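A look at the structure
The lines below spell out each chain.
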Amino acid sequence: MREALERPGLISLAAGFTDNPSLPVAETRVIIKDLLKGNKGPSRLQYGTTYGDEPLRKLTAQRLDRMDGCPKQAKGYDPDRFLITHGSQQLLYILNEILFDPGDIVLVEDPSYFVYLGIMQSHGVLGKGIRMEPDGLDLLSLETTLETLKKSGELARLKALYLVSYHSNPTGITTCAAKKEAALKILKGYEKSAGHPIYLIEDAAYRELSFSDKDTPSALSSHNASNRVIYTSTYSKPFATGIRVGYGFLPEPLFTTAARVKGNHDFGTANFLQQILSSAVESGSYEEHVQKLRKRYASKARAMTRACKKHFPEKVKWENPEGGLYLWVNLPKKVKTGLRSKLFIEALKQKVLYVPGNLCYCDDATRRKPNHQMRLSFGSASIKHIEEGISRLGRAIKRVM
Ligand SMILES: Cc1ncc(COP(=O)(O)O)c(C=O)c1O
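Residues numbered from 1 in each chain as written. Predicted model: local features only at pLDDT ≥ 70, side-chain atom pairs only at ≥ 80, totals over all residues. Heavy atoms only, no water.

1. Focus on the pairing of strand E8 (residues 199-203)
For a regular strand, the rule is simple: side chains alternate between the two faces of the sheet. Put simply, the rule is: Each residue's exposure class comes from its accessible area (1.4 Å probe, protein chains only) as a fraction of the maximum for that residue type: buried when under 20%, exposed when over 50%, partly exposed otherwise. Helix and strand assignments follow DSSP, with helices taken as H or I runs no shorter than four residues and strands as E runs no shorter than two, numbered in order from the N terminus. Strand pairing requires that DSSP identify at least two bridges connecting the strands.
Here E8 lies mainly inside the structure; five of its five residues are buried. Across the two faces of E8 the burial is the same, with Tyr199, Ile201 and Asp203 and Leu200 and Glu202 all buried. Sheet topology places strand E7 (residues 158-164) next to E8; five bridges connect them, and they run parallel. Within E8, the residue paired with Ala160 across the bridge is Tyr199. Taken together, the four bridges between E8 and strand E9 (residues 229-234) define a ladder with parallel strand orientation. Counted as the bridge partner of Asp203 is Thr232 from E9.

2. Comments concerning helix H7 (residues 139-151)
Threshold: Residue count minus one, scaled by 1.5 Å, sets the expected span of a helix. Taking the helix axis as origin, the arc is that swept by the directions to the C-beta atoms. In protein, a polar contact requires one atom able to donate a hydrogen and another able to accept it; more generally it is a pair of N or O atoms within 3.5 Å, and residues adjacent in sequence count only if both atoms are side-chain atoms.
In this model H7 runs 18 Å from its N-terminal to its C-terminal C-alpha over 13 residues, within 8% of the 18 Å that 1.5 Å per residue would give. For H7, the full list of buried residues reads Ser141, Leu142, Thr145, Leu146 and Leu149. Summarising the axial view, the buried residues of H7 lie within an arc of 135 degrees, below the 170-degree limit, and thus occupy one face. Across from the buried face of H7, at angles greater than 90 degrees, the exposed residues are Leu140 and Lys151. For H7, the capping residue at the N-terminal end is Asp138, with a side-chain oxygen 3.0 Å from the backbone nitrogen of Leu140.

3. A few points about the pairing of strand E15 (residues 373-377)
The buried count for E15 comes to five of five residues, which makes it a mostly enclosed element. Of the two faces of E15, the one carrying Gln373, Arg375 and Ser377 and the one carrying Met374 and Leu376 are both buried. With five bridges joining them, strand E12 (residues 326-330) and E15 adopt antiparallel strand pairing. Pairing of Trp328 across the sheet is with Arg375, part of E15. With two bridges joining them, strand E14 (residues 355-356) and E15 adopt antiparallel strand pairing. Bridge pairing in E15 places Pro356 opposite Met374.

Keep in mind that these numbers describe shape and distance, not what the molecule does.
Structure (structure tokens):
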């Protein structure tokens, strides 16, 4: 962000911002006017509860029921187990605070969401990278890592597996339901040796930004969930990132603990913002907006991959994203992409910015951090800037190669 401000004309394909022109300005204006109409105004502008707006918790539970295909006659997800937070980012932070002590270990995708790695680092929590396959987590890598921890006597420090399970940041990979189910079973098998529960933190931030109608049930709906799944998600990416409303479904006793810590942080998520979301979900304008947004990102993703095909050398590889905001690009191993690399410096000269891939890997001494990848975002740049940005990046790559 600093680079973008300091260098006018720089095209940033780095920040995970969302698409400016499609933010729901008109919809939000109508909602706010209605929220403050008549004598309803004061209660809208009062404190809310720590847990979150009741109608929003109910609507969130119903949406998750639908997404996970819970039959109508079944009880479905209990709205009382939903905690509304200031973005899902706040919940991820709170979870670190309540679950982990310095020196604890969390398994993460290799590579993973770098801001989450930052939270772990700030709590002194150590990461172990689990390899990824096109359909998600590599189960063999998970088992091997768990066995190694058991043999080295470190299993007692292992507390959780953190998985960005839908259109992952940074790789775009979705972990299929069967793998989530298998991962839960594997983790359960090590709980006795660990001496405590091992949780699966399922971060579903990009679930609603799928480019097709294909969805994958969450780990919560797995037969093996048994109070071990913490599901976090957000209304911010699919609606408006500035309306910082996220949520989580937590098993007890974590729900109560997280709510207490949340109360200490802020007494609850901004009441007014939650009611904006509540109204949008209830009236259907949220759903309408998400449908438009999915098409918009799909076309931006296509513009980016088309431009990559045109401007990148043949040896540069990527998978076409099926949702989310990111393209994960693999360069030949000898082409380094880090902040001090020739390529990064050349890219800056060409006035284009990317996220170096090595920032997305946790510090895991059992392997070298790969340093030949980059994360590109098609979220905030316009199609024109995406095309121009990729053309500049292609020029930089060719110069360095
Ligand atoms: C994987 C992932 N999880 C969580 C978040 C947090 O988003 P928010 O706080 O807007 O819900 C982000 C934001 O970029 C993300 O990429």
